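Structural overview
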Amino acid sequence: MKKIFLSMLMCAALICSYAQVMPAKYQEARGYYNRLAYSEAIPLLIEECIGNKNRFLEADIMLADCYRQTNQYVLAEGEYAIVCQDVRLKDDKQKLYYAQILQINKKYEQAALWYRKYLEKFPTDKRAQNQAVACDNIAQFNTGKNLYVTNLPFNTDGYDFGACIYNNVLYYTSTGGKQNDLKAKDINLWTGEHFMDLYTSRILQSDTASDMFTKAEILPKTVNTKYNEGPLCFNAAGTKVFFTRNYYNPEEGAKMKYSSDREANLNIYEADVVGANWEKIRKLPFNSKEYSCGHPAWDETDSTLYFSSDMPGGVGGTDIWKVRYGSGKWGKPVNPGAVVNTEGDEMFPTFAPDKTFYFASDGHGGLGGLDIFSAKFAGNELSEVKNMGTPLNSSYDDFAYLVNESKTVGFFSSDRPGGKGEDDIYRFADINYQLEVLVMNKFTKAPISSAHVLLKREEKLKADLKTDAKGLAVTPVDAGITYQLAADAPGFLPATISKTIEENEKKPLQKVTVELQPMVLQVKVIDAASKAPIPGVNISFSSPCGNISKNNQTGESGTVHYSVQENCTYSILATTKSYLPKPATQMTTTLKDTAFVLIELVQITEKAITLNNIYYDFDKWDIRPEAEADLSMLLTFMRDNPEAIVELSSHTDARGDDKYNQMLSQKRAQSAVNWLVARGVSETKIKPVKKKKKQPVNNCTNNVKCTEEEHQRNRRTEFKVLNAGEIINSRTKEKIEVDPCKNCLF
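Residues numbered from 1 in each chain as written. Predicted model: local features only at pLDDT ≥ 70, side-chain atom pairs only at ≥ 80, totals over all residues. Heavy atoms only, no water.

Some thoughts on the pairing of strand β27 (residues 482-488)
When a strand is regular, its side chains alternate between the sheet's two faces. Only one face of β27 is buried, namely the one carrying Y483, L485 and A487, since none of T482, Q484, A486 and D488 on the opposite face is buried. As judged from the 5 bridges shared by strand β24 (residues 452-457) and β27, these two strands associate in the antiparallel manner. Looking across to β27, one finds that H452 is bridged to D488. Sheet analysis places β27 next to strand β28 (residues 495-500), joined by 6 bridges and oriented antiparallel. Across the sheet, Y483 pairs through a bridge with K499, a residue of β28. Following β27, the chain reverses through 6 residues before pairing antiparallel with β28; G491 in that reversal takes a positive phi of roughly 85 degrees. (Buried < 20%, exposed > 50% of the residue type's maximum accessible area, 1.4 Å probe, protein only. Helix = DSSP H or I, 4+ residues; strand = E, 2+ residues; numbered from the N terminus. Pairing = 2+ DSSP bridges.)

Some remarks on the confidence of the model for the protein chain
Model confidence for the protein chain is summarised by a mean pLDDT of 85, while 87% of its residues fall at 70 or above. Of all helices and strands in the protein chain, the one with the weakest mean pLDDT is helix α1 (residues 12-16) (35), whereas strand β17 (residues 357-361) scores best (97). Low pLDDT (under 50) marks residues 1-19, which in the prediction has 67 contacts with non-local residues, meaning those over four places away or in another chain. Across residues 606-610, confidence stays below pLDDT 50; counting only partners more than four residues off in sequence or on other chains, it has 13 contacts. (pLDDT = per-residue confidence, 0-100. Contact = heavy atoms within 4.5 Å.)

So, the pattern of salt bridges
Any two side chains of opposite charge can pair if their charged atoms end up close together. Under the criterion given, the structure shown has 22 salt bridges. Across the pair E502 and K507 runs a salt bridge whose closest N-O atoms are separated by 3.4 Å. With relative accessibility at 36%, the residue E502 sits in the partly exposed group. K531 is the partner of E600 in a salt bridge, and the nearest nitrogen-oxygen pair spans 3.1 Å. Of this pair, E600 sits in strand β37 (residues 595-603) while K531 sits in the loop between β30 (521-527) and β31 (538-543), placing them 69 residues apart in sequence. Residue class for E600 comes out partly exposed when judged on its relative accessible area of 26%. One network of salt bridges, in which partners are shared, links K240, E270, D272 and R282. (Salt bridge = Lys/Arg side-chain N within 4 Å of Asp/Glu carboxyl O.)

What about the environment of D86?
Within the fold, D86 resides in the loop between α5 (73-84) and α6 (93-104). A relative accessible area of 17% places D86 in the buried class. Looking at D86, its side chain comes within polar contact range of the main-chain nitrogen of R88, at 2.8 Å. (Polar contact = N/O pair within 3.5 Å; in protein donor to acceptor, adjacent residues only side chain to side chain.)

A few points about the sheet that holds strand β15 (residues 329-330)
The strand order across the open sheet formed by 4 strands is β12-β13-β14-β15, and the pairing between neighbours is antiparallel. Edge strands, defined here as strands with exactly one partner in the open sheet, are β12 (293-299) and β15. Of the pairings in the sheet, the one linking strand β14 (residues 319-326) to β15 comprises 2 bridges and is antiparallel in character. Within β15, the residue paired with Y325 across the bridge is W330.

What about the side chain of T225?
Within the fold, T225 resides in the loop between β7 (217-218) and β8 (229-234). A relative accessible area of 12% places T225 in the buried class. Of note is the side chain of T225, whose polar atom sits 2.6 Å from the side chain of E229. Sequence-distant contacts of T225, defined by excluding residues within four places in its chain, comprise D197, R245, Y248 and P250.

Quick word on the packing of helix α2 (residues 24-34) against helix α4 (residues 57-69)
Here α2 crosses α4 at 40 degrees, and the two axes come no closer than 11 Å. Relative to α4, the element α2 lies oblique. Viewed along their axes, α2 and α4 form a crossing whose handedness is left-handed. Here α2 contributes Y26, R30 and Y33 to the contact with α4, which in turn contributes E58, A59, M62, D65 and C66. Grouping the amino acids of the contact of α2 with α4 by side-chain chemistry returns 5 nonpolar, no polar and 3 charged. (Axes fitted to C-alpha atoms, helices over the stretch in contact; angles between N-to-C directions. Parallel < 35°, antiparallel > 145°, perpendicular 65-115°, else oblique. Left-handed = near helix turned anticlockwise from the far one by under 90°. Nonpolar A, V, L, I, M, F, W, Y, C, P; charged D, E, K, R; others polar.)

As for the nonpolar core
One finds L45, C66, Y80, Y98 and Y115 to be the most contacted residues of the largest nonpolar core, which totals 45 residues. Among the elements of the structure, α2, α3 (38-49), α4, α5, α6, α7 (108-121) and α8 (126-136) are those that each provide at least two residues to this core. Not counting residues within four places of it along the chain, the set of residues in contact with Y115 comprises L96, A99, Q100, Q103, A128, Q131, A132 and C135. The next biggest cluster of nonpolar side chains, apart from the first, holds 29 residues, and it includes A473, V477, A487 and I501. (Core = buried A, V, L, I, M, F, W, Y, C linked by side-chain atoms within 4.5 Å.)

Let's talk about the layout of surface pockets
Its volume calculated, the largest pocket comes out at about 940 Å³. Contributing to the lining of the largest pocket are 39 residues, with I165, F351, P353, L402 and V403 lying nearest its centre. When residues of the lining of the largest pocket are traced back to their parent elements, those giving at least two are β2 (160-166), β8, β12, β16 (346-351), β20 (398-403) and β21 (409-414). Along the lines of polarity and charge, the residues of the lining of the largest pocket split into 23 nonpolar, 9 polar and 7 charged. (1 Å grid on protein atoms, 1.4 Å probe; cavity = no way out; pocket = protein on both sides within 12 Å on 5 of 7 lines; lining within 4 Å. Points joined across faces, edges and corners; volume = space filled by probe spheres on them.)

As for the packing of aromatic side chains
As enumerated under the stated definition, the model contains 39 aromatic pairs in all. Seen in terms of ring centroids, F242 and W330 are 5.9 Å apart; in terms of plane orientation they differ by 80 degrees. Their pairing is edge-to-face. With F242 in strand β9 (residues 240-246) and W330 in strand β15, this pair connects stretches of sequence that are 88 residues apart. Judged by relative accessible area, F242 falls into the buried class, the value being 2%. Measuring from centroid to centroid gives 5.8 Å for F359 and F373, while their planes differ by 20 degrees, and the two rings are stacked. Here F359 is found in strand β17, whereas its partner F373 is found in strand β18 (residues 371-378), with 14 residues between them in sequence. With respect to burial, F359 and F373 carry one shared label: buried. (Phe/Tyr/Trp six-rings, centres within 6.5 Å; stacked < 30°, edge-to-face > 60°.)

Shown next as structure tokens:
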């Protein structure tokens, strides 16, 4: 029905131009073909074209055309390949048809090649020019939209197309499905199915995800005749209906009227709608038995009827025409011109409530077959023709577009693969789906504000969100897509979940909840002076509970997060370059409480030194066990700060002569150096200093009576960090072990 306007007589003269004797079956096939009885011609033509039997190129041409007209595109491609490579071919238009079939079958590079071969003979054909350019850049028609498209429940295995909605009733054209018991008089020989009739289905629930359609009902015989009825439209008040029908009106008592070429063309009829009845059915005055008119679309604002026709005076095969109604009569049809019409076929005009004009065309550049286009009005003239792109359009025939006022829900027809029949009616919804993310505490269920949420699709970031005071964040999404969500918040363990957006118009706003478990233990390391977080700090985390031992580094926020067990003690040691190490922090946790461990590290400065002096036994230079702990602190510091240069200066008490004490102090300094070097410290980073004068830390000078503890504090090695901006000195320990001198006089 959608191609009923195409002329099918283009092969007749070609066939008759050959004087060969024709087999009876071939002549029979040609007779069916010339009467547009493609379904009847195909088996006869197949028999003629098998193997080497074929003596007639015209048989292949007719078979290719029969396949094309009955939407058997794969078979058509094979036949056109034979036709277009036959040296006997004189009809270059077959190259155009071959290019169109290749385009429908998504073989765009080959299609462009054959369009250009056709253009060698017909260089001004805009249709071929447009499609060749389109095939060169087919990606331009991919809109990236994810429309919710459904095949309507009343579609059959036959032809169903051309939706029109009035008063919540959907009207459409259908063959009623394939039937094996049809009488010969009821068969449309073009399709091999029943003639087309008008059907209805009431919409019980509008603009939802699951519109409920009643069982399809055929309109009464006062509307449907024994021949074809097709696409229709109503005026705004619903008092008038315009519909397509063969040139046959039983109300006028007339028989089917044929053209001079014996074609049963289509006409547009008007009827008065009175309740459920269509009364006073009459054909419009510009109809003719010599050409077809159909697919009416009423423009209420301008009292103008737009329609499709192959009447003389057009631009191409089937054009869009318009005719105005005024002062009780119809005017003369006007062709809008080449802005809309091409050498190809333009069909199925419709209007949106905002007066956007839609139509189908195979002459403007597109994906293949008929594509749906939009156009705008500039005054009374159409302009800005635009391909609607995917997923409304495919490489197959897509046509009869209908959309609601908000342009979010509509219908179109298509013979694309995956349908129920030859042509199907599809419903689409262009819904702005959104995802609402709620982030909450896993245990208390309280919302978490200022949570950070990353939304990814196939590992690509789509949205970077932050929850509000109610723990919510909202972002646009596409239906039918699975997203990954990663959420985190201060004091909580990060969590990742997946969410598939349901294709459901009832749910344009879909929701997902991400539960974050309290971290229970968050370690944060900051600079003791500036309080700024320190990234890259090495954290050693251990516990006897489960023999846990982990090593991590703080992030940009200076934090590391750990999931812990109830009533377990954990040891946390933080070390990093340019900061002095601290003893490990011990922490005992309780479940369902977020515990925060704050470690303040001191940068290497004079004011911040925490290195201790080390002390010696009387008259000895051995490293005492207690001194090893303090030297270990220095060793760790030097390992973490390999550029540091440390000065070691050793001292004695006031007892003994000066020369001996200087030698003793040098040995004590060297023993500390040896201890460090033995553990991997470079000698170039250690500077031992021999003190020529005694430098007591108290008043215990020569011949001054002091306690043994006071003398012990003077037997020491001090440390200085020389290259830290300021000189950093070690400090005196509060508690030290005392080694008394038993024979000393003071």
